[in-house]
Amino acid sequence: ETGVTQTPRHLVMGMTNKKSLKCEQHLGHNAMYWYKQSAKKPLELMFVYNFKEQTENNSVPSRFSPECPNSSHLFLHLHTLQPEDSALYLCASSPDTGETQYFGPGTRLLVL
Amino acid sequence: DAKTTQPPSMDYAEGRAANLPCNHSTISGNEYVYWYRQIHSQGPQYIIHGLKNNETNEMASLIITEDRKSSTLILPHATLRDTAVYYCIVRVRDDKIIFGKGTRLHILP
């Protein structure tokens, strides 16, 4: 266990649904991240938060909306997704943005 | 783009040392070498990192050549649970992690 938990672990949703992914870290870290891993592609960084402030948005479509209410929790709100958004969504945290990142187990998302 | 080159796959017998090479010929002086691994359908797991000196921890050893243009991750006694994709990443502190395709390591019984 890395100290980073993600829920749900699996999610199936239709293109008109709204759902949220949750990430929680118990490590006292200040930076949190969302990554996307599509089949047979490298991990892609989506968002970076440091001390609850978004510091990076890697040209992610607006149907993905992150929220970081505090340094321990990170959400990814999903709305009107497309089938090509089906992927493994990974959360990570680090003490600060320059330091070693620790990943959660991921949420496997299927969009129908 | 990833700044590293790794073989796409490698096989080792269980119980033997597994040596995973990584080329990073364009590495600059302030860039660290990081290794992560990803077991199937799980999140990446941090293994080890180093700048110039060789490093060892409870999981692995990292050997960095004197010119820093390549490195080797050594799993001293590989087990079946070490079967995973291993990523070699070069980055400056405060820079984002860019994952490449990694090396798919198969540990054979």
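For the structure itself, look to the data block above.
Let us look at the structure shown here. Values in this document were obtained by computation on a predicted structure and should not be read as measured data.

What follows is about the sheet that holds strand β3 (residues 31-38) of chain B. Residues and elements named next belong to chain B. A sheet is described by the order of its strands in space; here 5 strands give the open sequence β1-β9-β8-β3-β4, paired in mixed fashion. Looking at the sheet topology across the chains shown, the edges are occupied by β1 (9-13) and β4 (45-50). With strand direction ignored, the average angle separating the axes of adjacent strands in the sheet is 25 degrees. As defined by bridge partners, β1 adjoins strand β9 (residues 103-108) across 5 bridges and the pair is classed as parallel. Paired with Y12 across the bridge in β9 is I107.

In a disulfide, the sulfur atoms of two cysteines are held together by a covalent bond. Inspection of the entire model under this criterion finds 2 disulfides over all chains. Across the disulfide from C23(A) sits C91(A); the S-S distance is 1.9 Å. The disulfide joining C23(A) to C91(A) has a torsion of about -70 degrees about its S-S bond and is therefore left-handed. Residue C23(A) is found in strand β3 (residues 18-25), and its partner C91(A) is found in strand β9 (residues 87-94); the two are separated by 68 residues along the sequence. Of the two residues, C23(A) and C91(A), both sit in the buried class. The disulfide bridge from C22(B) ends at C88(B), spanning 2.1 Å between sulfur atoms. Between C22(B) and C88(B), the S-S dihedral sits near -85 degrees, and the bridge is therefore left-handed. Of the two residues, C22(B) sits in strand β2 (residues 18-23) while C88(B) sits in strand β8 (residues 84-92), which places them 66 residues apart along the sequence.

Conventions and cut-offs
- Residues numbered from 1 in each chain as written.
- Chains lettered and ligands numbered in written order.
- Predicted model: local features only at pLDDT ≥ 70, side-chain atom pairs only at ≥ 80, totals over all residues.
- Heavy atoms only, no water.
- Pairing = 2+ DSSP bridges.
- Helix = DSSP H or I, 4+ residues; strand = E, 2+ residues; numbered from the N terminus.
- Axes fitted to C-alpha atoms, helices over the stretch in contact; angles between N-to-C directions.
- Disulfide = S-S within 2.5 Å.
- Buried < 20%, exposed > 50% of the residue type's maximum accessible area, 1.4 Å probe, protein only.

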